[in-house]
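Next come the chains, spelled out residue by residue.
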Amino acid sequence: MDEYQLWAPFAKKYTVHEETYLWTRNLLASGLKPYNELGLEKARQHINERTKMLTPVTDYSGDEWEVIVPSPYSKDGIPVTVYKPSSAPEVPAIFMYFHGGGLLLGNRKMSEGALKIIARDSGAIILNVDYRLLPDPVFPFAPFDDGVVVTKWVLENKEAVGGNRDSKVGVGGESSGGHLAASVTNDVRGLDFQVLIYPMTDTTLSSPTIQEFAECPTYHPADVKWYLDTMAGPIPDYSTNPRINVMVRTNTGDSPPALMILSELDPMKGCGLNYADKLRAAGVSVQCEIIKGVPHVFFSLRDVFKTKCVEAYAHVVKFLKQFQS
């Protein structure tokens with residue numbers, strides 16, 4: 001089957017964007033098996049190779065350096081790349097970002113190009129966090145702990161990352177990085193905003209879109225379940241623990257204002273919409289943008305989703321500008 005045939009059942013209801021067909025065509029040409037069939041090590045190898053291939057040069061003007069955030073959980077600390085653009089205002093926002101990959105795969109290089117563009121166009125300082133991956137039998141909450149440690153450190157050390165003592169601070173991320181960011185707002189007070197990009201926010205996988213997109217060509221729910229089982233399987237209460245499943249958290253009203261960006265053709269769309277409703281019901285300001293005609297994972301694939309990435313980044317840029325002066 002070709003890419004048009006694979007998307008045909010969904011094209012009856014949605015307008016599938018041509019860039020989505022291109023991405024599907026590339027996947028078919030690669031012969032890549034789903035990650036749940038590849039297994040963890042081969043999946044990690046593939047995503048690292050893909051990152052090298054799909055990370056084009058970015059027109060970025062500004063400073064870039066690494067900070068090692070001290071951590072009680074790791075003697076080596078937590079590596080963070082800081083992007084402070086030339087366009088930064090006197091009081092820039094500080095935005096901590098967590099990459100995707102199911103909390104199992106990838107690294108901060110995956111998000112580098114997108115974040116440099118967003119930093120350049122918004123003027124915000126962006127921190128690209130290289131958190132520890134799961135599964136980890138010794139530290140089953142490793143990425144969640146790292147997210148909290150980095151966030152608390154930045155709130156206390158704004159000037160160390162190029163900010164101002166009055167800088168507003170927020171968290172965000174893509175997919176599992178959005179999951180991690182939402183969890184951090186569960187544990188850390190004093191944040192000013194959050195940006196959640198098609199986040200995993202319900203580990204019960206009970207949203208109707210999980211079934212609606214059960215045969216999604218580019219991100220099959222079987223992969224979603226594989227990520228979840230591999231990542232959280234060792235945690236007995238992962239469906240009821242609010243650190244892991246933010247849909248069951250009870251302090252939602254403490255959450256900072258949110259921008260949520262969802263993919264229209266995504267099994268995860270429903271859990272994002274449900275979490276947006278949960279935040280709103282608690283009185284939290286939520287801006288929710290659904291990017292039409294694209295699947296999960298598009299946000300970092302600038303070489304393929306040329307127009308749709310521009311569209312999504314523009315929403316983030318506009319949102320971040322509200323928090324600086």
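Residues numbered from 1 in each chain as written. Predicted model: local features only at pLDDT ≥ 70, side-chain atom pairs only at ≥ 80, totals over all residues. Heavy atoms only, no water.

A word on the overall build of the protein. Within the protein, the secondary structure is distributed over 11 helices and eight strands. Evaluated residue by residue, the protein yields a buried proportion of 57% over its 325 residues. Measuring between centres, the 32 positive side-chain charges of the protein sit 1 Å from its 38 negative side-chain charges. (Helix = DSSP H or I, 4+ residues; strand = E, 2+ residues; numbered from the N terminus. Buried < 20%, exposed > 50% of the residue type's maximum accessible area, 1.4 Å probe, protein only. Lys, Arg positive; Asp, Glu negative; His and termini not counted. Charge placed at Lys NZ, Arg CZ, Asp CG, Glu CD.)

Within this structure's numbering, the places UniProt gives as "domain: Alpha/beta hydrolase fold-3" (unreviewed entry) are residues 96–299. Here residues 96–299 runs as 33% helix and 18% strand, with 17 Å between its end C-alpha atoms. (UniProt positions renumbered as here; feature names shortened; annotations may be inferred.)

In the sheet, strand β7 (residues 258–265) pairs with strand β8 (residues 286–295) via seven bridges, with the strands oriented parallel. Note on β8: the bridge partner recorded for Ala258 is Val286. Of the crossover connections in this fold, the one passing from β7 over helix α10 (residues 269–281) to the parallel β8 is right-handed. (Pairing = 2+ DSSP bridges. Right-handed = clockwise from strand over helix to strand, strands pointing away.)

Another point: the sheet that holds strand β5 (residues 169–174). Strand order in this open sheet of eight strands is β1-β2-β4-β3-β5-β6-β7-β8, and the pairing throughout is mixed. Strands with a single pairing partner mark the edges of an open sheet, and in this sheet they are β1 (62–71) and β8. If you compare each strand with its neighbour and ignore which way they point, the axes differ by 20° on average. Both strand β6 (residues 193–197) and β7 contribute to a ladder of four bridges, which runs parallel. Opposite Val195, over in β7, you have Leu259 as the bridge partner. Packing against the sheet, α10 makes contact with β6, β7 and β8, and its axis sits at approximately 155° to β7. Running over the sheet, helix α11 (residues 306–321) touches β3 (94–98), β6, β7 and β8 and is turned about 170° from β8. (Axes fitted to C-alpha atoms, helices over the stretch in contact; angles between N-to-C directions. Contact = heavy atoms within 4.5 Å.)

So, on to the state of the cysteines. Inspection of the entire model under this criterion finds zero disulfides. Free cysteine: Cys271, not disulfide-bonded; nearest cysteine sulfur from Cys288 at 11 Å. (Disulfide = S-S within 2.5 Å.)

Considering all chains together, one arrives at 18 aromatic pairs under this definition. Pairing Phe10 with Phe213 gives two aromatic rings, centres 5.3 Å apart and planes at 10°, and the pair type is stacked. With Phe10 in helix α1 (residues 3–11) and Phe213 in the loop between α8 (208–212) and α9 (221–232), this pair connects stretches of sequence that are 203 residues apart. Judged by its relative accessible area of 0%, Phe213 falls in the buried class. Put simply, the rings of Phe95, Tyr97, Phe193, Phe319 and Phe323 touch in pairs and so form one group of aromatic residues. The side chain of Arg132 reaches across the aromatic face of Phe139, ending 5.0 Å from its centre. (Phe/Tyr/Trp six-rings, centres within 6.5 Å; stacked < 30°, edge-to-face > 60°. Lys NZ or Arg CZ within 6 Å of the ring centre and 35° of its normal.)

Moving on to the packing of α1 against helix α2 (residues 18–30). Between α1 and α2, whose axes approach to 9 Å, the crossing angle comes to 135°. In terms of their interaxial angle, α1 and α2 are classed as oblique. The hand of the α1/α2 crossing is right-handed. Residues Glu3, Tyr4, Leu6, Trp7 and Ala11 of α1 pack against Glu18, Thr20, Tyr21, Thr24, Arg25 and Leu28 of α2. (Parallel < 35°, antiparallel > 145°, perpendicular 65-115°, else oblique. Left-handed = near helix turned anticlockwise from the far one by under 90°.)

Another point: the nonpolar core. Membership of the largest hydrophobic core comes to 60 residues, with the highest contact counts inside it found for Val69, Phe98, Leu104, Leu105, Leu127, Val150 and Val154. By residue number, the principal contributor to this core is helix α6 (residues 142–156), which donates seven residues. Excluding its chain neighbours within four sequence positions, the residues that come into contact with Leu127 are Val80, Thr81, Val82, Ile94, Phe95, Met96, Tyr97, Val154 and Val161. Residues Ala93, Phe95, Ala114 and Ile197 belong to the second largest nonpolar core, which totals 34 residues. (Core = buried A, V, L, I, M, F, W, Y, C linked by side-chain atoms within 4.5 Å.)

Before going further, it helps to examine the pattern of salt bridges. Any two side chains of opposite charge can pair, given that their charged atoms come close. On inspection of all chains with the given rule, the structure shows 17 salt bridges. The closest approach of N and O atoms between Arg108 and Glu66, which form a salt bridge, is 2.7 Å. Pair noted here: Arg108 is in the loop between β3 and α5 (112–122) and Glu66 is in strand β1, with a separation of 42 residues, a long-range link. Salt bridges sharing common partners tie together Glu3, Glu18 and Arg25. (Salt bridge = Lys/Arg side-chain N within 4 Å of Asp/Glu carboxyl O.)

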